[in-house]
Amino acid sequence: MAQDATNRRFVLNKRPTGEPSPDTFRLETTDIPAPAEGQMLLRNHYLSLDPYMRGRLDDRKSYAEPVALNEVMIGGTVSQVVDSRHPDYAKGDWVVTTGGWQDYALSDGALTFPLKTDMGNKSWALGILGMPGFTAWAGLTQIGQPKEGETLVVAAATGPVGSAVGQIGKLLGLRVVGVAGGPEKCAYAMENFGFDACIDHKAADFEEQLAKATPDGIDIYFENVGGRVFDAVLPLLNMGARIPLCGTIATYNNADEPSEGRDRTGLVMAKFLQSRVTVRGYIIFDDFGHLYGDFMSQMSGWVAEGKLHYLEHMTDGLEDAPEALNQVLRGENFGKRVIRITEDAA
Ligand SMILES: NC(=O)c1ccc[n+]([C@@H]2O[C@H](COP(=O)([O-])OP(=O)(O)OC[C@H]3O[C@@H](n4cnc5c(N)ncnc54)[C@H](OP(=O)(O)O)[C@@H]3O)[C@@H](O)[C@H]2O)c1
């Protein structure tokens, strides 16, 4: 493809309070940078929008550094090398990397993987065959310790992590109950992902419905959201239950606000103690990076055999990135949220 004359990029303009607003990001146009020795210039084709991005907008201690003001917003991308002074990559190579919210990126090869172009749609490397799929696979198998016949509950059930967790759970012989926002998402999870049940967390009687759908209690709760879903799951946890603590998206836009009602920490701890619950938080590449090869061989095998269904919510145009992130945080995405930046991405 012909190279553009300029690079469009979103930088962090202002740290948000609550939900990111129109002045959180600023769209700029700059020259396309030239790679120095040891670097390559990448054309970003697909951009991934993920819940973790909200945390990087806040200037607080976390597992990763925040994005600095006036710096390009971070983001996973599927990109192609357009110019290389890097010994391991040549012009035309496809990679999965952290190219950020921009048309072009410079890379020294850090956090960059060659893209296997025989794996179906290239954008899947941002979802089922990438970080979210790996997060699902590792959290369920390593922390969830699934045993055939057990009951698994997972929320954000139509997203890339939740949908993979539930489907892997089915392949491993579990009874899988999803939780999702609305009847349309729930119907999709049962019909296409093969979940045994899926409960709408916005329903007035959500707690009762969840209890009815888990008559033998819950052995594994794959925690993606926190909030009301966690409250409903807690009394249903069985003796020896496991909780892979993957995310708490219900708190991402209000991390500094005290929660409503009385402090329930003591009750939660008592339940964990009495039921001998194992809770383990994890950050996928930090904790399980050494298993990436095992994940890829098992997951790409399942994908090739048609055993896993994958749902993407894709739109065109880099300029949609800020709104697309808000959609993910509000639950308005239906499937893995991806932006196709270029017209000739395929
Ligand atoms: N630990 C790690 O290394 C790691 C890596 C990747 C992802 N994660 C975490 O995994 C979780 C899922 O990520 P994803 O990429 O698969 O996201 P996703 O499912 O595509 O999007 C997030 C979904 O969360 C649900 N949600 C938002 N607010 C909610 C609320 N208040 N209560 C209940 N559900 C709510 C919405 O689905 P509904 O409309 O269905 O409710 C929304 O679509 C996130 O918490 C993310 O931070 C962790």
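Residues numbered from 1 in each chain as written. Predicted model: local features only at pLDDT ≥ 70, side-chain atom pairs only at ≥ 80, totals over all residues. Heavy atoms only, no water.

### Some thoughts on the overall build of the protein chain
Phase 1 of the analysis: A count of helices and strands for the protein chain gives 10 helices and 15 strands.
Phase 2 of the analysis: Overall, the C-alpha framework of the protein chain stretches about 60 × 45 × 35 Å when taken along its three principal axes.
Phase 3 of the analysis: Scored against the burial criterion, the 346 residues of the protein chain give a buried share of 51%.
Phase 4 of the analysis: Sequence separation of at least 24 residues holds for 67% of the intrachain contacts in the protein chain that already meet a minimum separation of 6.
Phase 5 of the analysis: Entry remark: accessible area of the protein chain is about 15800 Å², with carbon and sulfur atoms responsible for 50%.
Phase 6 of the analysis: Charge-centre separation for the protein chain: the mean point of 32 positive side chains lies 3 Å from the mean point of 46 negative side chains. (Helix = DSSP H or I, 4+ residues; strand = E, 2+ residues; numbered from the N terminus. Buried < 20%, exposed > 50% of the residue type's maximum accessible area, 1.4 Å probe, protein only. Contact = heavy atoms within 4.5 Å. Areas by Shrake-Rupley, 256 points an atom, 1.4 Å probe, with all protein chains shown as cover. Lys, Arg positive; Asp, Glu negative; His and termini not counted. Charge placed at Lys NZ, Arg CZ, Asp CG, Glu CD.)

### Notes on helix H4 (residues 183-192)
Phase 1 of the analysis: Looking at H4, one finds that the buried residues are Lys-185, Cys-186, Tyr-188 and Ala-189. Each buried residue of H4 lies within a common arc of 160° when the element is viewed along its axis, so the set occupies one face. Within H4, the exposed residues directed more than 90 degrees away from the buried face are Pro-183, Glu-184 and Glu-191.
Phase 2 of the analysis: Where the residues of H4 are buried, they touch strand S9 (175-180) and strand S10 (197-200).
Phase 3 of the analysis: Positive phi shows up at Gly-194, right after H4, with a value of about 75°. (Arc of directions from axis to C-beta.)

### Observations concerning the site of the ligand
Phase 1 of the analysis: Inspection of the region around the ligand gives 26 residues, with Lys-185, His-201, Tyr-252, Tyr-282 and Asn-333 positioned closest.
Phase 2 of the analysis: Taking Lys-185, its side chain carries an N or O atom lying 2.7 Å from an oxygen atom of the ligand.
Phase 3 of the analysis: Here the ligand, which alone exposes 910 Å², has 90% of that area covered by the protein.
Phase 4 of the analysis: The set of elements that each furnish at least two residues to the shell around the ligand consists of helix H2 (131-144), helix H3 (160-171) and helix H10 (321-330). (Near = heavy atom within 4 Å. Polar contact = N/O pair within 3.5 Å; in protein donor to acceptor, adjacent residues only side chain to side chain.)

### Some remarks on the domain arrangement of the protein chain
Phase 1 of the analysis: Taken domain by domain, the protein chain holds domain 1 (6-127 + 312-340) and domain 2 (131-288).
Phase 2 of the analysis: Here the C-alpha centre of domain 2 lies 28 Å away from the C-alpha centre of domain 1.
Phase 3 of the analysis: Buried surface at the junction of domain 1 and domain 2, summed over both partners, amounts to about 1400 Å²; 60% is from carbon and sulfur atoms.
Phase 4 of the analysis: By the criterion of area lost to domain 2, the three top residues of domain 1 are Arg-60, Tyr-63 and Phe-334, representing 35% of everything that side buries.
Phase 5 of the analysis: Where domain 1 packs against domain 2, one counts zero salt bridges.
Phase 6 of the analysis: Where domain 1 touches domain 2, the interface holds four residue pairs in polar contact (both at pLDDT 80 or more).
Phase 7 of the analysis: When residues of the side of domain 1 that touches domain 2 are traced back to their parent elements, those giving at least two are helix H1 (52-55) and H10.
Phase 8 of the analysis: Within the side of domain 1 that touches domain 2, the residues separate by chemical class into 10 nonpolar, five polar and five charged. (Domains from an automatic or database assignment. Buried area = accessible area lost by both parts, 1.4 Å probe. Salt bridge = Lys/Arg side-chain N within 4 Å of Asp/Glu carboxyl O. Nonpolar A, V, L, I, M, F, W, Y, C, P; charged D, E, K, R; others polar.)

### Looking at the packing of aromatic side chains
Phase 1 of the analysis: What the rule picks out here adds up to 17 aromatic pairs.
Phase 2 of the analysis: Seen in terms of ring centroids, Tyr-188 and Phe-334 are 5.5 Å apart; in terms of plane orientation they differ by 70°. Their pairing is edge-to-face. With a gap of 146 residues between them, Tyr-188 in helix H4 and Phe-334 in the loop between H10 and strand S15 (336-340) connect regions that are remote in the sequence.
Phase 3 of the analysis: Overall, Tyr-188 belongs to the buried group, its relative accessible area being 19%.
Phase 4 of the analysis: You can call Phe-334 partly exposed: its relative accessible area is 23%.
Phase 5 of the analysis: Here the basic side chain of Arg-43 rests over the ring of Tyr-104, its NZ or CZ set 4.8 Å away from the ring centre.
Phase 6 of the analysis: Taking the ring centre of Trp-94 as reference, the NZ or CZ of Lys-122 above it sits at 4.5 Å. (Phe/Tyr/Trp six-rings, centres within 6.5 Å; stacked < 30°, edge-to-face > 60°. Lys NZ or Arg CZ within 6 Å of the ring centre and 35° of its normal.)

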